[in-house]
Amino acid sequence: MHHIAPYDLLSIGETAARAGVSVPALRYYEERRLIRAIREPGGRRMFPRHVLRRLAVIAAGQRVGMSLEQIGVALSGLPEDRAPNQREWRAMSERWAQLLASRIRELEVLQSDLDGCIGCGCLSLGRCTLFNPGDEAQHEGPGSRWLRRAVGSRRAASAQAHEE
């Protein structure tokens, strides 16, 4: 592979190959405004080399279960026309650290609920968080009861931390 200067533009195929993603994924990320291509007069997409860093952030976020919306919010604080400087990366990483810590707490709550079910062996209807006779959970709002409880425990932990 030839040497790429920092300001060279990469074709969509080169960018996909370097980032380890598919060409359709790049098009989708561009559509979602996570990355931006420069269009040549014929309409051909060309990507500045610094887009590779944004793609690495997208891949890292997806690996830990973040939505593209959450990743987009994080990327919105970074410049689109150049590689971020150290201060800009630090600011983004601090926001992500908070989001990831929250996500870890949610996963820990879900894990303990799953461990309880596995330990029980019978999904005891008297204490099982999945059991929902008569669809009583409809009054708790939409979504998974486990997820709502995890989010609720995260809010309680956050409020307790602010009180201390």
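A few points on the structure. (Residues numbered from 1 in each chain as written. Predicted model: local features only at pLDDT ≥ 70, side-chain atom pairs only at ≥ 80, totals over all residues. Heavy atoms only, no water.)

1. Looking at the overall build of the protein
Note the threshold: Think of it this way: any DSSP run of H or I at least four residues long counts as a helix, any run of E at least two long counts as a strand, and we number them from the N terminus. Type-normalised accessible area, obtained with a 1.4 Å probe on protein chains alone, sets the label of each residue: buried when under 20%, exposed when over 50%, and partly exposed for intermediate values. Working definition of accessibility: Shrake-Rupley area with a 1.4 Å probe, residue cover restricted to the visible protein chains.
Helices and strands together make up the secondary structure of the protein, namely six helices and three strands. Evaluated residue by residue, the protein yields a buried proportion of 29% over its 164 residues. For the protein, the accessible surface area stands at approximately 10,800 Å², while carbon and sulfur atoms represent 54% of it.

2. A closer look at the sheet that holds strand β3 (residues 45-48)
Rule in force here: In this analysis, strands are considered paired if DSSP registers two or more bridges between them.
Read across the sheet, three strands follow the order β1-β3-β2 without closing on themselves; strand pairing throughout is antiparallel. Of all strands in the sheet, those bounded by a partner on one side alone are β1 (9-11) and β2 (38-39). Summarising the sheet, β2 and β3 pair through two bridges and their orientation is antiparallel. Bridged to I38 within β3 is M46.

3. Some points on the environment of P84
Note the threshold: Contacts are assigned to residue pairs with any non-hydrogen atoms lying within 4.5 Å of each other.
With respect to the element layout, P84 can be found in the loop between α4 (68-76) and α5 (86-120). Overall, the relative accessible area of 11% leaves P84 in the buried class. As a C-alpha pair, P84 and R53 span 31 residues in sequence and 8.9 Å in three-dimensional space. Beyond its immediate chain neighbours, meaning those up to four positions away, P84 contacts R53, L78, P79 and W89.

4. Description of the pattern of salt bridges
For side chains of opposite charge, pairing can occur when their charged atoms come near one another. As a reminder of what qualifies: Salt bridges are defined as contacts in which a side-chain nitrogen from Lys or Arg sits within 4 Å of a carboxyl oxygen from Asp or Glu.
One pass over the structure, following the stated rule, counts five salt bridges. Measuring nitrogen to oxygen at the nearest pair gives 4.0 Å for the salt bridge that ties E40 to R44. R82 is paired through a salt bridge with E88; the nearest N and O atoms lie 2.7 Å apart.

5. Some remarks on the packing of helix α1 (residues 12-19) against helix α2 (residues 23-31)
For any two helices packed against each other, one specifies the inter-axial angle together with the distance between the axes. Heads up, the rule is: Axis definition: a line fit to C-alpha positions, over the contact stretch in the case of helices; interaxial angles, taken between N-to-C directions, run 0 to 180 degrees. Angles are sorted into four bins: roughly parallel if under 35 degrees, roughly antiparallel if over 145, roughly perpendicular if 65 to 115, and oblique for all others. Nonpolar residues are Ala, Val, Leu, Ile, Met, Phe, Trp, Tyr, Cys and Pro. Charged residues are Asp, Glu, Lys and Arg, and all others, Gly as well, are polar.
Relative to each other, α1 and α2 sit at 100°, their axes nearing to 9 Å. Taken together, the axes of α1 and α2 lie roughly perpendicular to each other. Listed contacts from α2 to I12, G13, T15 and A16 of α1 are V23, L26 and R27. For the contact of α1 with α2, the per-class residue count stands at four nonpolar, two polar and one charged.

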